[in-house]
Amino acid sequence: MSPFPEHGRTNDQRLAEDLAAQAGRLLTDLRVSRVAPEELGDFAEGEARAVILDRLAVARPDDLVFGEWNPDSRERLEADRVWMIDPLDGVSSYCTEGRPDWAVHVALWERGPEGTGGITACAIAMPAYGRVITGRGATTYQPISIIRGPRPGPLVPPREDDRLRIAVSEADPPAFAEELAETLGASLTRLGSGGGKTATVVEDECDAYIHTSGHHQWDSAATYGVVRQRGLHASRLDGSELVYNVEENEFPDLLVCKEDVADRIIEAARAYL
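What counts, and at which threshold
- Residues numbered from 1 in each chain as written.
- Predicted model: local features only at pLDDT ≥ 70, side-chain atom pairs only at ≥ 80, totals over all residues.
- Heavy atoms only, no water.
- Pairing = 2+ DSSP bridges.
- Helix = DSSP H or I, 4+ residues; strand = E, 2+ residues; numbered from the N terminus.
- Axes fitted to C-alpha atoms, helices over the stretch in contact; angles between N-to-C directions.
- Buried < 20%, exposed > 50% of the residue type's maximum accessible area, 1.4 Å probe, protein only.
- Right-handed = clockwise from strand over helix to strand, strands pointing away.

Peer 1: Describe the sheet that holds strand 13 (residues 254–257), with residues and values.
Peer 2: Strand order in the open sheet made by the 5 strands is 8-7-9-13-11, with mixed pairing throughout. Of all strands in the sheet, those bounded by a partner on one side alone are strand 8 (186–191) and strand 11 (233–235). Averaged over all neighbouring strand pairs, the angle between strand axes comes to 20°, with direction disregarded.

Laid out in structure tokens, this is it:
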């Protein structure tokens, strides 16, 4: 099944964008609330999750919702429609004043007529920028005037040369990141959230995003959908396909990149797998 429909922006896609935007607006407000700093992350993530679940309960009451609050859900494997939600990606960045690299992920997995399934709607909100990133372009969803604090600059500095630029985790980068970068003649950029790193590739600030410390299906489903719909590459680091709503809950690694560098990165990474 194609990971996205060919007939334009569906009602499900509009809903995915709206859910991500609404949760993003709430998180933006909560970020300057009086919640104790040590409690802010859990509190804000719970509130964002509740907003998304409440909306889906009304708008799509027959659909299942999958996320870290119910990681052992089994009924989803038999369902025809499963929403995969990460209501706050990059909690550490969210709780750090001035950091813009946090996100909201919303994706819909849908079973096709032949029994196979794929991501059919997807959105990644970058609330600090007032945008929702989709397969067809970044959608501004809130006036910049209501975004708290000064407008953030780009996620990464402007390019200074024509080397490949690879985004990796700030907290847990691949153990071989430096060696791989040297092999590829690339530079590394360290960011907090998966959504932020995905955004750098989608918006041509980086050429690739490599992750090796594991990711759950709800962590990467929206990334996969957005990236593939943009005509970019998303796979396991060895090049094998990512398949969602399967029994395996956690995948070991992820590669997001431009199509014209995918084979080069996959070949270079084989030495470390």
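Right, picking up where we left off after that structure.
Peer 1: Talk me through the pairing of strand 7 (residues 164–169); I want residue IDs and the actual numbers.
Peer 2: As a general feature of sheets, a regular strand has side chains that alternate between the two faces. Most of strand 7 is tucked away, with 6 of its 6 residues classed as buried. Two elements, strand 7 and strand 8, share 6 bridges in a ladder whose sense is parallel. Paired with valine 168 across the strands is arginine 190, a residue of strand 8. A crossover links strand 7 with its parallel partner strand 8, the connecting element being helix 4 (residues 177–184), and its sense is right-handed. Judged from the 2 bridges that link them, strand 7 and strand 9 (residues 208–211) form a sheet pairing that is parallel. Counted as the bridge partner of isoleucine 166 is alanine 208 from strand 9.

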